[in-house]
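Coordinate inspection notes
Each chain, written out:
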Amino acid sequence: MRSISNRFFYAILVLLNVFAAGSICAQQYRPIATWPDETNARIEEFLNTTLTVTDRKVAVFDCDGTVFGQAPYYLADEALYDYADKNYKNRKDKESRQKMAILDRMVKDGNNVGKPYVEDRVHFLAGMTPEEIATLGYMRSYKGKMYPEMKALISNLEEYGFEVWILTASPEFLYQRFVASELGIPVTHVLGVKGVVKNGVMSDEIIMPIPQDDGKAQVIPTYIKAVPLIVGGNSRGDMDMLNESRGLKIVVNPDDVTVRGKEDGPMSGHTVKSYWEKEGALIVHCNDVRDKNVSFKTADFKIRTNLENPKK
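Residues numbered from 1 in each chain as written. Predicted model: local features only at pLDDT ≥ 70, side-chain atom pairs only at ≥ 80, totals over all residues. Heavy atoms only, no water.

1. So, the state of the cysteines
Our working rule: By definition, disulfides here are pairs of cysteine sulfur atoms that lie within 2.5 Å. Only protein chains enter the calculation, and the probe is 1.4 Å; a residue is then buried if its accessible area is under 20% of its type maximum, exposed if over 50%, and partly exposed in between.
According to the stated counting rule, one finds 0 disulfides in the structure shown. Its sulfur unpaired, C63 is 13 Å from the next cysteine sulfur, which belongs to C286. Look at C63 and you get buried, because its relative accessible area is 0%.

This is the structure in structure tokens:
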């Protein structure tokens, strides 16, 4: 009787091991067609090392220029300047003058990746409901700018059990719904500059940290509360966030023209591309060019253009 029980016990153990092995094997990497074989091999090899990870598997990506195109202008700027052109420009009422004064300040600043400029985007949207702001994020000119390679990468990550999070220095309500729907991730996994909602409308009050430069690195433990296995970015502003990765670092279309100065810390003396090559990051390329059939309102306000990155 005891031998039968033992045989039964071992049979159950074998079946459990078979099911466990089958579960692991079921997670299969699907190569991204337009990326080189060596790029796909490196991603697949890394993902396979995570199969036995039992705690949260988190991947964090920057937004503009990393998961979708930013040439010639950021979606956040185009949404604001287009709205201002239609609703406030050349009007004399108090609200219009106040809103145009904010835009004038932004234009004068000119540094649309600096924290004062980023904060002024929220100030411009203050007084609008979250629903109204979310609607502004659906710019027709940006509908087709999601990188198919990054969408395919995110699908692979989800196959391997990853949580995917997007960080942006743009107003959270402006990007959240659009980005989440395009990438197929939870809307709560898109984190941007947070404005406090009071009495149903967004106020001027901003919740720290602001996800820009070092603030992006601070957002990860503050809101995501996990050390990411994968982090992806594209610019100097993503350096601190990329260094939060305890696994793979992915850099999309990095600049290889501008040599960074002393104010850029460890990147000083390097271009973004040469720095991350030195650090062993995975460099990938996605097509990001201007649609010449689209007239951008941002151009009327003389905001600098972002570089194009035609697919190599």
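2. Thoughts on the sheet that holds strand β3 (residues 190-198)
As a reminder of what qualifies: Being paired, for any two strands, means DSSP has found at least two bridges between them. Starting at the N terminus, helices and strands are each numbered in turn, a helix being any DSSP run of H or I of at least four residues and a strand any DSSP run of E of at least two. Axes, fitted as lines to C-alpha atoms, cover a helix only where it is in contact. Angles between the N-to-C directions of the axes lie from 0 to 180 degrees. The contact rule is simple, with two residues in contact once any of their heavy atoms fall within 4.5 Å.
Spatially, the 7 strands line up as an open sheet ordered β4-β3-β2-β1-β5-β6-β7, and their pairing is mixed. Only two strands of the sheet have a single neighbouring strand rather than two, namely β4 (201-207) and β7 (282-284). Across this sheet, the average inter-strand angle for adjacent strands is 30 degrees, counted without regard to direction. Against the sheet, helix α5 (residues 115-125) contacts β2 (163-171), β3 and β4, and its axis sits at roughly 160 degrees relative to β4. Contacting β2, β3 and β4, helix α8 (residues 172-183) runs over the sheet at an angle of about 140 degrees to β3.

3. Concerning the side chain of N234
We apply this condition: Nitrogen and oxygen atoms within 3.5 Å of one another constitute a polar contact, given that in protein one can donate a hydrogen and the other can accept it, and given that sequence-neighbouring residues count only through two side-chain atoms.
Here N234 is to be found in the loop between β5 (230-233) and α10 (239-242). Only 3.3 Å separates the side chain of N234 from the side chain of T66, close enough to count as a polar contact.

4. Digging into the packing of helix α4 (residues 94-109) against α5
Just so we agree on the cut-off: Oblique is the label for any angle not covered by the other classes, which are roughly parallel (under 35 degrees), roughly antiparallel (over 145) and roughly perpendicular (65 to 115). We call a crossing left-handed when the near helix sits turned anticlockwise from the far one by less than a right angle, and right-handed when that turn is clockwise. Gly is placed with the polar residues, together with every amino acid not listed as nonpolar (Ala, Val, Leu, Ile, Met, Phe, Trp, Tyr, Cys and Pro) or charged (Asp, Glu, Lys and Arg).
Their axes nearest at 10 Å, the elements α4 and α5 cross at an angle of 165 degrees. Put simply, α4 runs roughly antiparallel to α5. Remark: the crossing between α4 and α5 carries left-handed chirality. In this structure, α4 contributes K99, I102, L103, R105, M106 and D109 to the contact, and α5 contributes P116, Y117, D120, R121, H123, F124 and L125. Partitioned by chemical class, the residues of the contact of α4 with α5 number 7 nonpolar, 1 polar and 5 charged.

5. A look at the packing of aromatic side chains
We apply this condition: Pairing of aromatic rings covers Phe, Tyr and Trp, the last counted by its six-membered ring, and requires centre-to-centre distances within 6.5 Å; plane angles under 30 degrees mean stacked, over 60 mean edge-to-face, and any other angle means tilted.
Scanning the entire structure with this criterion turns up 9 aromatic pairs. Measuring from ring centre to ring centre gives 6.2 Å for F68 and F178, while their planes differ by 90 degrees; the resulting arrangement is edge-to-face. Linking F68 in the loop between β1 (58-62) and α3 (75-87) with F178 in helix α8, this pair joins segments that are 110 residues apart in sequence. Where Y138 meets F178, the ring centres are 5.7 Å apart and the plane angle is 80 degrees; that geometry is what we call edge-to-face. With Y138 in the loop between α6 (130-136) and α7 (148-159) and F178 in helix α8, the pair connects residues that are 40 residues apart, well separated along the chain. Clustering of aromatic rings is evident, with ring pairs tying together F68, Y138, Y175 and F178.

6. With respect to the packing of α3 against α4
Two elements in contact, α3 and α4, have axes separated by 11 Å at closest approach and are oriented at 145 degrees. The handedness of the crossing between α3 and α4 comes out as left-handed. Between α3, through L80, Y81, A84 and N87, and α4, the contact on the second element is made entirely by S96, M100, L103, M106 and V107.

7. Things to note about the nonpolar core
Most often, soluble globular proteins have nonpolar side chains that are buried together. We count it as follows: To qualify as a nonpolar core, a set must consist of buried Ala, Val, Leu, Ile, Met, Phe, Trp, Tyr and Cys residues joined through side-chain atoms within 4.5 Å.
Counting 68 residues, the largest nonpolar core has F61, V179 and I230 as its most contacted members. With 20 residues, the next largest nonpolar core counts V58, W165, M239 and I283 among its residues.

8. Let's talk about the pairing of β3
The element β3 is largely enclosed, with a buried count of 7 among its 9 residues. Where β2 meets β3, 3 bridges bridge the pair, whose relative direction is parallel. Each residue of the ladder has a partner; that of L167, found in β3, is L191. Relative to β4, β3 runs antiparallel, the two sharing 4 bridges. Pairing of V197 across the sheet is with M202, part of β4. Taking the residues between adjacent antiparallel strands as the criterion, β3 and β4 are bridged by 2 residues, where N199 takes a positive phi near 55 degrees.

9. Side note on helix α2 (residues 37-49)
As a reminder, the rule being used: In this analysis, the expected span of each helix is defined as 1.5 Å times one less than the number of residues it contains. In this description, one arc is meant: the one made by directions from the helix axis to the C-beta atoms.
Over its 13 residues, α2 runs 18 Å from end to end, which matches the ideal 18 Å to within 8%, given 1.5 Å per residue. Those residues of α2 that sit buried are T39, N40, I43, F46 and L47. With its buried residues spanning 135 degrees around the axis, α2 presents them on a single face. Among the exposed residues of α2, those pointing more than 90 degrees away from its buried face are D37, E38, E45 and T49. Along its buried surface, α2 packs onto α7, β5, β6 (248-252) and β7.

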